[in-house]
Amino acid sequence: MSWVKNKMPEQEPQERRRNFSEVALGYAPDTAQSEAKRCLQCKTAPCRQGCPVGINIPEFIKHIKDGDFDSAIAEIKTKNNLPAVCGRVCPQEDQCEKYCVVGKRGEPVAIGRLERFAADQFRLSETKQPAQPAELNQGKVAIIGAGPAGLAAAGDLARLGYKVTVMEALHAPGGVLMYGIPEFRLPKEIVASEINELKELGVEIMVNAIVGKTFTIDELLNEEGYDSVFISTGAGLPHFLEIPGENLNGVYSANEFLTRVNLMKAYKYPAAGTPVHAGQNVAVVGAGNVAMDAARTALRLGAENVYIVYRRSEDEMPARAEEKEHAKEEGVQFRLLTNPMAIVGDDKGWVKGLECIRMELGEPDSSGRRKPIAIPSSNFVLDVDTVIMAIGQGPNPLVQQTTPGLEVDRRGNIKADENGQTSKEGVFAGGDIVTGAATVILAMGAGKKAALAIHEYIQKKKGC
Ligand SMILES: Cc1cc2nc3c(=O)[nH]c(=O)nc-3n(C[C@H](O)[C@H](O)[C@H](O)COP(=O)(O)OP(=O)(O)OC[C@H]3O[C@@H](n4cnc5c(N)ncnc54)[C@H](O)[C@@H]3O)c2cc1C
Ligand code: SF4
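Each chain has its residues counted from 1, running along the sequence as written. Working convention: letters from A go to chains and numbers from 1 go to ligands, in the order in which they are written. It should be noted that, the model being predicted, local features are given only for residues of pLDDT at least 70 and side-chain atom pairs only at 80 or more, the latter also being counted only at that level, while totals for whole chains, interfaces and linings use all residues. Just so you know, side-chain values use all the structure's heavy atoms and leave hydrogens and water out.

### Some remarks on unusual backbone geometry
At step 1: Along the chain, Tyr 269 connects to Pro 270 via a cis peptide bond; the corresponding omega equals 10°.
At step 2: By the secondary structure assignment, Pro 270 is in the loop between helix H11 (254-263) and strand S7 (281-285).
At step 3: Phi is positive for Asn 208, close to 55°, though the residue is something other than glycine.
At step 4: Helix and strand definitions follow DSSP, with helices as H or I runs of at least four residues and strands as E runs of at least two, each counted in order from the N terminus. Take Asn 208: it is sitting in the loop between strand S3 (204-206) and helix H10 (217-222).
At step 5: The exposed category is assigned to Asn 208, whose relative accessible area is 52%. Exposure classes here rest on a 1.4 Å probe applied to the protein chains alone. A residue is buried below 20% of its type maximum, exposed above 50%, and partly exposed in between.

Structure follows, in structure tokens:
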């Protein structure tokens, strides 16, 4: 048996840095079967512990090994409503693959790549049948926000027999999958195709519906006849550094920049109606996955120099190793131990530079990471015409502000127990709006748990 994963083909860095097509190209059937043979089919399957939605990993891998791809995807779909998405964007190195026994001696089984393979085979199959709509006679549930948490809850509740309406503020469902994660990591037609399968089950998706404005939660429960509500409004409110110059032209939040490019397809402007201004020299402030996505997007829009500006060192960068490597291969330049102090403008109000100060690392702080300390008189100006802030996001506040009795924590996140029950009867919440910005699969896991809790709540209320 080989101790290394089968390689997944990728577009070459020099080619992909200027196009929006998917970077990773997926396994062919023979490579997937060869990778599936690396699985030891452990009886205890420790890999399952690391999967927040509990997929029976050895079982689906065995089907791939046997060439029965239909059974592989059927097994995955008993637990996961969005496998083509998760196979692409989950941080498997911290989840299922982290517990894989093969990983103790060599590289773990490529569980994510195999999940993606099974989902893609199914999506591209010419003989695939639409999902059977369930009988929706158990009650009515409203879901606020069509990101991974809301979509996971919607699928499970429809299968349990509930009439589910998902209300989404934007004009397209998907949440971060649609507006945040770039096309070159997660093609939007794949997201749309997996969401379509939920519609085939009978889930209704109402777009352009802003809860807190179009309806309040109390109206949904009292006047619109919903038995329960699940809030999954995510963490879509961008943070800024609050330094001088943040209102200059050419300064974006990563959220706005990525929404223009991904959701509104500004990279096709003028064929698409929304423009985006990415300059020649772009600074992206921050070093998480969102920063890597923004930097790689700026390169693809034609920027000559794209800098990641981060106040700590490479060891403390929160981005996944793979994202960092991909960004480096494509030519993103890292300006580490560098802290922005002010954005400098020209006389027409456009960005012309980013004033920074050099940093060094001191003792570990409360996060366990070494604290960055400014080096006196080390200020310099980085020559840039665009600045993208990617230093984190917080909770969208509208629903909390318009729902009396709904408790929030000091960050503004909704308080909910491990099953998603909030302080308000009949109202559940999950995903980033409860935990703060986290991951797709954790949001889905929260949606699935809440779906079961909502089912129990409604059945109890009906006296069943
Ligand atoms: C750029 C970027 C890249 C990322 N990359 C990864 C990755 O590679 N892997 C990974 O696992 N995670 C990644 N994440 C994190 C991940 O996407 C989130 O943790 C996940 O999407 C959270 O799901 P959610 O359903 O809680 O919220 P969201 O996906 O944020 O969805 C919330 C939805 O609610 C809607 N909404 C908000 N307010 C209202 C309202 N009042 N009424 C109606 N609708 C409303 C929003 O429009 C949105 O569609 C990334 C995040 C970003 C921003
Ligand atoms: S731990 Fe690894 S080898 Fe064992 S069943 Fe899971 S994927 Fe297969």
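### Some remarks on the site of ligand 2
At step 1: We call a residue near a molecule or strand whenever a single non-hydrogen atom of that residue lies within 4 Å of it. In the vicinity of ligand 2, the residues found are Cys 39, Leu 40, Cys 42, Pro 46, Cys 47, Pro 58, Cys 100, Val 101, Val 102 and Ile 111.
At step 2: In terms of residue class, the shell around ligand 2 is made up of 10 nonpolar, no polar and no charged. Each residue receives one of three labels: charged for Asp, Glu, Lys and Arg, nonpolar for Ala, Val, Leu, Ile, Met, Phe, Trp, Tyr, Cys and Pro, and polar for the others, Gly being one of them.

### Here's the deal with the UniProt feature "domain: FAD/NAD(P)-binding" (unreviewed entry) in the chain
At step 1: UniProt positions are given in the numbering used here, feature names are shortened, and annotations may be inferred rather than shown by experiment. Under the present numbering, the feature "domain: FAD/NAD(P)-binding" (unreviewed entry) in UniProt falls on residues 140-447.
At step 2: Counted over residues 140-447, helix gives 27% and strand 24%. Its end C-alpha atoms are 16 Å apart.

### Points about the pairing of strand S1 (residues 139-144)
Each regular strand shows side chains that alternate between the opposite faces of the sheet.
At step 1: Along S1, five of the six residues are buried, which leaves the element largely enclosed by surrounding structure.
At step 2: Where S1 and strand S2 (residues 162-167) come together, six bridges link them in parallel fashion. By the bridge assignment, Ala 142 is partnered in S2 with Thr 165.
At step 3: The rule for pairing is simple: two strands pair if DSSP sees at least two bridges between them. Relative to strand S4 (residues 228-231), S1 is paired through four bridges, and the arrangement is parallel.

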